[in-house]
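Structural features, examined
In case you want the letters, here they are:
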Amino acid sequence: MNMLLKQTFTATILATMVATAAQAAPAEAPPAFVKRVADGLISRLKADQGKLQNPATVKAIVRQNLDPYVDGQAFTRIVMGTYANSSTPAQRAQFEQNFRNTLIENYGSAFAKYSNQSYSMRPYKATNSKFPVVTLDFNNNGEKIPVSFQLSDAGSQWKVRNLNVSGIDLVL
């Protein structure tokens, strides 16, 4: 009887772990996630188009509409390289904050130039990759600008781990 109790207890723990892991996975497919984030950003840019010349407005839009979906810790580890291992948690946190501010400052200015550009999503090929990639082609005056989003599984949602714009990696 004691053996049956141990087996039942073990099976219950394993079932709970599997159920918890299944619930922690992102509910959206990678293309749906990227589309939702891109559509949300574009809607916000359209709504505030008259205010986009104000850098503070652009920074606020980026912080509210993109920042929650960026894996800042992964960006930090990748950019810092081997220095990430020898730095303190406080140093990594400060670097991450400075890096985010720099990205928002430098690349956020591109959003100030938004003027109803559209995008199309390339067909997505699901793979068993740990870091799926979704590519959008932004249309700018007839020119297609490819932007690839490399994602990481952050438990309950996807996070952007790297961006590649026209063949140039933002982080890696």
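Before reading further, recall that the structure is shown in the block above.
Read on for a plain summary of the structure. (Residues numbered from 1 in each chain as written. Predicted model: local features only at pLDDT ≥ 70, side-chain atom pairs only at ≥ 80, totals over all residues. Heavy atoms only, no water.)

Okay, unusual backbone geometry next. One non-glycine residue, N116, adopts positive backbone phi at about 65°. Tracing the sequence through the fold places N116 in the loop between helix 6 (89-111) and strand 1 (118-121). Phi angles above zero are rare outside glycine, and N141 is one such case at about 55°. Counting through the fold element by element, N141 comes out in the loop between strand 2 (133-140) and strand 3 (143-153). (Helix = DSSP H or I, 4+ residues; strand = E, 2+ residues; numbered from the N terminus.)

So, about the pairing of strand 4 (residues 158-165). Most of strand 4 is tucked away, with seven of its eight residues classed as buried. Across seven bridges, the pairing between strand 3 and strand 4 is antiparallel. By the bridge assignment, V147 is partnered in strand 4 with V165. Between strand 3 and strand 4, which follow one another and run antiparallel, lie four residues, and G155 among them has a positive phi close to 100°. In terms of strand pairing, strand 4 meets strand 5 (residues 168-169) through two bridges, oriented antiparallel. Bridge pairing in strand 5 places N164 opposite D169. Where strand 4 folds back onto strand 5 in an antiparallel hairpin, the turn is made up of two residues, including S166, whose phi is positive at roughly 50°. (Buried < 20%, exposed > 50% of the residue type's maximum accessible area, 1.4 Å probe, protein only. Pairing = 2+ DSSP bridges.)

The subject of this paragraph is the nonpolar core. Membership of the largest hydrophobic core comes to 24 residues, with the highest contact counts inside it found for F33, V34, F149 and L151. Where this core is concerned, the elements lending two or more residues are helix 2 (30-47), helix 3 (55-65), strand 2, strand 3 and strand 4. Ranked by residue count, the leading element in this core is helix 2, at seven residues. Non-local contacts of V34, meaning those with residues more than four positions away in its chain, are made with V134, L136, F149 and L151. By size, the runner-up hydrophobic cluster in this structure holds five residues, among which are V70, F75, F99 and V171. (Core = buried A, V, L, I, M, F, W, Y, C linked by side-chain atoms within 4.5 Å. Contact = heavy atoms within 4.5 Å.)

Let us look at the environment of S87. Relative to the helices and strands, S87 is located in the loop between helix 5 (83-86) and helix 6. Assessed through its relative accessible area of 12%, S87 is described here as buried. When residues no more than four places from it in sequence are discounted, the contact partners of S87 are M80 and R92. Polar side-chain contacts of S87 include one of 3.0 Å to the backbone oxygen of A84. (Polar contact = N/O pair within 3.5 Å; in protein donor to acceptor, adjacent residues only side chain to side chain.)

Here we take up the packing of helix 4 (residues 72-80) against helix 6. Each packed pair of helices is defined by two parameters, the angle between the axes and the distance between the axes. Between helix 4 and helix 6, whose axes approach to 9 Å, the crossing angle comes to 100°. On the basis of their axis angle, the class for helix 4 and helix 6 is roughly perpendicular. Counting all contacts with helix 4, which are made through G72, Q73, F75, T76, V79 and M80, the residues of helix 6 involved are R92, F95, E96, F99, R100 and L103. Tallied by class, residues from the contact of helix 4 with helix 6 come to six nonpolar, three polar and three charged. (Axes fitted to C-alpha atoms, helices over the stretch in contact; angles between N-to-C directions. Parallel < 35°, antiparallel > 145°, perpendicular 65-115°, else oblique. Nonpolar A, V, L, I, M, F, W, Y, C, P; charged D, E, K, R; others polar.)

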